[in-house]
Amino acid sequence: MRTEQLVSTFIDYYEERGHRRITGSTLLPPPGDPVLFITAGMHPLIPYLEGRPHPLGRRLVNVQRCLRTTDLDEVGDATHLTVFEMLGTWSLGDYEGPLSLEWGYGLLTDGLGVDPRLLHATVHGGDERIGPDTASLELWQRLGVPVETTVDDNWWPGGADETPGPCGPDSEIFLWSGDGPPQSTPTRDDRWVEIWNHVTMTHRRFGDGSLAPLPQRNVDTGLGLERLSSLLQGKPSVFECDVFDPWRRLVPALWDLDEPSLRLVCDHLRSAVVIVGDGVRPSNSGQGYVLRRLVRRVLTVLRREDPSRGIEDLPEELVRHTLDHFRQDMRPNDVFRTLREEEQRFSRLLERGRQVLARPRFQGPLSEEDFHYLHDTHGLPRELITSLREG
Ligand code: SER
């Protein structure tokens, strides 16, 4: 199943069940929002999850582009991308978690043809904040899907994410990606890949970590599009699903790269195109700095092997394909101009960096004071100084 077909099957399925589609999906958060980029489909819906009536009603569905720099070091593995799309559904104080799970199961198996024997679920087992999620547990048992209970892994947002905002227990759906028959459980075997998270948003978390019940119980679900697409297409990584077809055809023909570098270059260039497409320009802070770092990482990898390589060689087809896929109406030439200007700035900075670092003062180990001086006086970031000295 092609990715476009997966998206339309998803949207149709939820529209048939009374959901209205939200249009628009920029990466840029609404004014006043403290985050740099949208990181999950629910993000633009926070005021509505907290009780404000949504103009489209209580059942919503969306395709939201997202950007996660927290996962930057995982980019290049089989399942993480910097910019990706999240398919999402919401019940704003309408239906409950078990119905959402039942529909999710129906879509995966009947709608998308997933073999039910390849599914596994996890649910919240209860802790000092909240009792066990018995309703979801019973639903999975009724459907005959194996289920595991956890505590920390089934609370969203999890881990070290202490951002204030809506949160609650979740039930996650995993798909078996191994060659043989499924084994073990999601917490013990990472061939179980998480594909869909159904969060019952019951609480709001405050800055001091305390929780208060929300005025309504919501359901928020998120499904990583490229991840599911690659699994449905039987591909071993997100980089091999059809949305990367033109990248895998054109980039290796242009630049001879090993697989990890190829993945980084494709991920970061594609992300940079989308960020520029949403109107961001490179800068030394905020959104522009994320863009700058992505472009500079690409250039560093490309030039490591051959200093004559540059973004201007990138085929226009890749920029056009990416803008089309993300439904952005910027002209490819305008994206190119921004990327090329950034490339020129980086080249000038490298040149200056080499000259400054050649001075006798910087031949030995560098102190913190040296790093500050190089940054403040010559605009050289620590990352760049380190890579120039290694090079
Ligand atoms: N907010 C949840 C997630 O990002 C579900 O959409 O996984």
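Residues numbered from 1 in each chain as written. Predicted model: local features only at pLDDT ≥ 70, side-chain atom pairs only at ≥ 80, totals over all residues. Heavy atoms only, no water.

Novice: It is not clear to me how the overall build of the protein chain should be interpreted in this structure. Could you clarify?
Specialist: Along the protein chain, the regular secondary structure elements total twelve helices and nine strands. Over its C-alpha atoms the protein chain spans a radius of gyration of 23 Å, differing by no more than 12% from the 21 Å that the globule rule assigns to 391 residues. Overall, the C-alpha framework of the protein chain stretches about 70 × 45 × 45 Å when taken along its three principal axes. For the protein chain, with 391 residues in total, the buried portion stands at 51%. For the protein chain, contacts bridging at least 24 residues in sequence account for 69% of all contacts bridging at least 6. Split by element, the accessible area of the protein chain, about 17900 Å² in all, is 48% carbon and sulfur. Positive and negative charge centroids in the protein chain, built from 44 and 61 side chains respectively, lie 5 Å apart. (Helix = DSSP H or I, 4+ residues; strand = E, 2+ residues; numbered from the N terminus. Rg over C-alpha atoms; globule rule 2.2 N^0.38 Å. Buried < 20%, exposed > 50% of the residue type's maximum accessible area, 1.4 Å probe, protein only. Contact = heavy atoms within 4.5 Å. Areas by Shrake-Rupley, 256 points an atom, 1.4 Å probe, with all protein chains shown as cover. Lys, Arg positive; Asp, Glu negative; His and termini not counted. Charge placed at Lys NZ, Arg CZ, Asp CG, Glu CD.)

Novice: Explain the pairing of strand β3 (residues 83–91) to me, please; I cannot follow it from the model alone.
Specialist: As a general feature of sheets, a regular strand has side chains that alternate between the two faces. Here β3 lies mainly inside the structure; nine of its nine residues are buried. Burial along β3 is two-sided: Val83, Glu85, Leu87, Thr89 and Ser91 facing one way and Phe84, Met86, Gly88 and Trp90 facing the other are all buried. In this sheet, β3 lies alongside strand β2 (residues 59–67) in antiparallel orientation, the contact comprising nine bridges. The partner of Cys66 across the bridge, within β3, is Phe84. (Pairing = 2+ DSSP bridges.)

Novice: Would you take a moment to explain empty space enclosed by the protein for this structure?
Specialist: Once rolled over the atoms, a probe with the size of a water molecule shows which space is left empty. All told, the structure shown has one cavity of 30 Å³ or more when counted by the stated rule. As for the largest cavity, its lining consists of Gly97, Leu101, Asp133, Ser136, Asp170, Ser171, His198 and Thr200. Only α3 (97–111), β7 (165–176) and β8 (192–205) provide two or more residues apiece to the lining of the largest cavity. Considering only residue class, the lining of the largest cavity consists of one nonpolar, five polar and two charged. (1 Å grid on protein atoms, 1.4 Å probe; cavity = no way out; pocket = protein on both sides within 12 Å on 5 of 7 lines; lining within 4 Å. Points joined across faces, edges and corners; volume = space filled by probe spheres on them. Nonpolar A, V, L, I, M, F, W, Y, C, P; charged D, E, K, R; others polar.)

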